[in-house]
Amino acid sequence: MKRYKAIAVLTVGLLAAIAARAQTPEHHHHDEVAPSAASSSVETPSLKILMPQNGDAVGTTVGVIFETPADLAGMTMGGPHTGVHLHAELADKVVMPTRQQIIGLGANRYLFLFDLPAKPGPNEIKLYWADEQHRTITSSIQAVHVNVKP
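Residues numbered from 1 in each chain as written. Predicted model: local features only at pLDDT ≥ 70, side-chain atom pairs only at ≥ 80, totals over all residues. Heavy atoms only, no water.

Visitor: Give me the side chain of His 85: which residues, what numbers.
Guide: Assignment of secondary structure puts His 85 in strand 6 (residues 85-90). Here His 85 falls in the buried class, since its relative accessible area comes to 1%. Among the polar contacts made by the side chain of His 85, one reaches the side chain of His 134 at a distance of 3.0 Å. In this view, His 85 contacts Met 75, Thr 76, Met 77, Met 96, Tyr 128, Trp 129, Ala 130, Asp 131, Glu 132 and His 134; residues no more than four positions away in its chain are not counted. (Helix = DSSP H or I, 4+ residues; strand = E, 2+ residues; numbered from the N terminus. Buried < 20%, exposed > 50% of the residue type's maximum accessible area, 1.4 Å probe, protein only. Polar contact = N/O pair within 3.5 Å; in protein donor to acceptor, adjacent residues only side chain to side chain. Contact = heavy atoms within 4.5 Å.)

So, in structure tokens, the structure goes:
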């Protein structure tokens with residue numbers, strides 16, 4: 001039952017995000033960086049990918065529902081200061097979402113839609129914190145393996 005509720009929330013969130021994108025071209029503005037080989041050991045808030053789950057089949061428009069107690073207004077790009085911040089990775093492309101690109105779902109749960117389409121086949125989705133030099137905080141890495149359908 002919880003999974004169906006989550007799917008319903010994801011569907012509503014996707015529709016809201018699509019509508020928001022159509023109305024605000026600024027929504028696409030975010031920085032893209034190469035994956036960092038460097039790592040950092042800074043302490044960070046917890047981060048957990050809730051959906052999709054390992055082995056799930058998804059479409060080429062990929063979204064991720066995650067959970068964190070972090071103050072995303074201050075821990076995403078465009079915040080008042082850039083220290084530790086969120087990175088999202090798909091198909092070896094790393095983006096640094098802004099708070100405006102993340103949809104709050106309640107109870108510290110959020111939806112992020114990748115602006116880039118995923119290639120069909122096996123893909124890995126990662127979320128993690130990075131320090132102000134964009135070094136990956138390895139202890140925060142969350143990853144799921146999905147199969148993207150054409």
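Visitor: Help me get a handle on the sheet that holds strand 8 (residues 102-106), residues and values and all.
Guide: What the four strands build is an open sheet, ordered 3-5-9-8; its pairing is antiparallel. Pairing within the sheet leaves two strands with one partner each, and these edge strands are strand 3 (48-51) and strand 8. The sheet shows a mean angle of 35° between the axes of neighbouring strands, taken without regard to direction. Strand direction decides the pairing type here: strand 5 (residues 63-67) and strand 9 (residues 109-113), joined by five bridges, are antiparallel. By the bridge assignment for strand 9, Glu 67 is matched with Arg 109. (Pairing = 2+ DSSP bridges. Axes fitted to C-alpha atoms, helices over the stretch in contact; angles between N-to-C directions.)

Visitor: Go over the pattern of salt bridges, please, and point to the residues and values.
Guide: Taken as a whole and assessed by the stated rule, the structure comprises three salt bridges. Salt-bridge contacts for Glu 124 lead to Lys 126; the nearest nitrogen and oxygen are separated by 3.9 Å. On the basis of relative accessibility, which here comes to 30%, the residue Glu 124 falls in the partly exposed class. A salt bridge links Arg 135 to Asp 131; the nearest nitrogen and oxygen atoms lie 2.7 Å apart. By relative accessible area, Asp 131 is classed as buried at 5%. (Salt bridge = Lys/Arg side-chain N within 4 Å of Asp/Glu carboxyl O.)

Visitor: Explain the confidence of the model for the protein to me, and be specific about the residues and the numbers.
Guide: On average, residues of the protein carry a pLDDT of 81, and 73% of them reach 70 or more. In the model, residues 8-31 has pLDDT below 50 throughout and makes 30 contacts with residues more than four positions away in sequence or in other chains. (pLDDT = per-residue confidence, 0-100.)

Visitor: Describe unusual backbone geometry, listing the residues and the values that go with them.
Guide: Pro 52 follows Met 51 through a cis peptide bond whose omega is -5°. When you line up the elements, Pro 52 lands in the loop between strand 3 and strand 4 (57-58). For Asp 92, which is not a glycine, the phi torsion comes out positive at approximately 60°. Along the polypeptide, Asp 92 turns up in the loop between strand 6 and strand 7 (93-96). Asp 92 gets classed as exposed once you look at its relative accessible area, which sits at 61%. Of note in the backbone geometry, Asn 108 takes a positive phi value of approximately 60° without being a glycine. Structurally, Asn 108 can be placed in the loop between strand 8 and strand 9. According to the relative accessible area criterion, Asn 108 is partly exposed, its value standing at 38%.

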